[in-house]
Amino acid sequence: MVVLDATIVNVALPHIQTALGFSGTGLEWVVNAYALAFGGLLLLGGRTGDLLGRRRVFIAGILVFSLASLLGGFATGQAWLLSARVLQGVGGAFAAPTALSLIAVTFPEGPPRNRAMGVYAAMSVAGGAVGLIAGGLLVQFASWRWVFFVNVPIGLVVAFLAARVLPESARRRGQFDLPGAITGSLGLALLVYGLSEAATSQNGVSHWGDTKVIVSLVAAVVLLVAFGFIEVRSRSALVPIRVLRNRDRTGAYLISLCIGTALFGMFFFLTLFVQTVWGYDALRTGISYLPMVATIMVASAVASQLVNRIGARPLMITGAVLGTGGMVWLSRITEHSTYAGGLLGPMMVTAFGMGLLFVPISLVALTKVAENDTGVASSLLNVGQQVGGALGLAVLGTVAWSAVSSSLHSQAAAAAAAAKNTAVHLSPAQAAAAAKAASNHALAHGFSQGYVVSAGIMLLALVIAVAVIRVKRADLAGINPMAAPTD
């Protein structure tokens, strides 16, 4: 459900934009509202399960997620939908970490747990693929609202069965790091809001100097600095500093942040591009992404076989190189490109690079980590991907929408100058066609600039892999791969 939700909603974004009147930057919040709540509260969700009982918290998270999905499907305005997305993220943040923990509680170590983890991993990958197809089918033959409604019956069945077949874990004594959760989540939300609101508008005006942008960014810095001080001094810190002292582990988290940035931005802008510029329907959009999902699966399988033979660092460097190259190639896409010639190639190269990265960074994150910190160490990877995705979408969105506005402004100025020098007047149909062509060109130009930024971020991941990662193949031998995150 959690993985499916990310892809199923992505396919429906253009339809949601049309139905509820979202602007380009506003539409980003349909993704970011969920990602920020999910990533910002993921560690708190895992901690809550440890203290109050994992089955109890898992069921509560599923029910909150289902209720939020129901509310999202009935949304009649932007604020309503975004509030529902935040609530979905909250439910997911409490359900996802407890689901993984419950497997360790339910199945004994050895073959039974390995089989269970294999099923869990398969469900994670299948969720992404099914979301693409289901999203296309639901939008095509029903309504965008059904990408939310579909979670409700699934969630109710899961909650009903969980209460009967899953064992309850014992409660533990401890404290919640609520100040850390509040300052961290609010700080990230304000940072993303400030960055996304700074985009240049269609009249060519930049908003970096706007009061709301400055106030948001300053408040974000204050809250995030406060979060850092709280985590250093707290006895029940969400992010224990001792976990970050290992350079290899911290490097893995930073690379995870870069991956989230690149993937979220690519999916978001590609979905708008293929539906708005190329005219794909929702189902065709979902199908067009399937080769990417399959390539990630193949590359992950290859990486899992090679990591014990050649180590993590070569795979991470190779994956970052391929990811960077794929994004550079993707930045050359135009409104006149074709799927086979302009999208499939760079999408497959990028996907193979990402697939090579997933397994080694998961293992490196657990290198030389204390047994009681394995949950935090693995969860921080998911936090990095979700938070990185939200931050990246804000940054990429600001660059992309500013470039779109600049292109539209320059094309309008050129058209006005040409009209003065000629006596030719366009018919309404010709004017509409010219406006559509100008819009398509502007979107293609703006989104290509976003992919250039994504390439730069993947290049940063490459620099981190080369300069920071020093883990040796022997260091990975004692790691329990079942403790690594699988989604």
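Residues numbered from 1 in each chain as written. Predicted model: local features only at pLDDT ≥ 70, side-chain atom pairs only at ≥ 80, totals over all residues. Heavy atoms only, no water.

Some thoughts on the overall build of the chain
Helix and strand content of the chain: 16 helices and zero strands. Within the chain, the fraction of its 487 residues that count as buried is 51%. Nonlocal contacts in the chain, meaning residues at least 24 apart in sequence, comprise 85% of its contacts between residues at least 6 apart. When the accessible surface of the chain is totalled, it reaches about 20,700 Å², and 68% of it is carbon and sulfur. (Helix = DSSP H or I, 4+ residues; strand = E, 2+ residues; numbered from the N terminus. Buried < 20%, exposed > 50% of the residue type's maximum accessible area, 1.4 Å probe, protein only. Contact = heavy atoms within 4.5 Å. Areas by Shrake-Rupley, 256 points an atom, 1.4 Å probe, with all protein chains shown as cover.)

Section: the environment of Val 147
In this fold, Val 147 is placed in helix H6 (residues 146–149). Linking Val 147 and Asn 10, residues 137 residues apart in sequence, is a C-alpha distance of 9.6 Å. Ignoring anything within four residues of it in the chain, the contact list for Val 147 reads Ile 8, Val 9, Ala 12, Gly 135, Leu 138 and Val 139.

Quick notes on the side chain of Ser 288
Here Ser 288 is to be found in helix H12 (residues 282–310). Within the local environment of Ser 288, its side chain forms a polar contact with the backbone oxygen of Thr 285, the two atoms lying 2.5 Å apart. What Ser 288 contacts, discounting residues up to four positions off in sequence, is Tyr 280, Tyr 339 and Met 347. (Polar contact = N/O pair within 3.5 Å; in protein donor to acceptor, adjacent residues only side chain to side chain.)

With respect to helix H13 (residues 312–330)
A rise of 1.5 Å per residue sets the reference length of H13, with its 19 residues, at 27 Å; its end C-alpha atoms lie 27 Å apart and thus fit the reference within 8%. Along H13, the residues that are buried comprise Ala 312, Leu 315, Met 316, Gly 319, Ala 320, Gly 323, Thr 324, Gly 326, Met 327 and Leu 330. Buried residues of H13, seen end-on, are gathered within an arc of 165° and therefore sit on one face of the element. Close packing links the buried residues of H13 with helix H11 (247–277), H12, helix H14 (339–364) and helix H16 (428–467). (Expected span 1.5 Å × (residues − 1). Arc of directions from axis to C-beta.)

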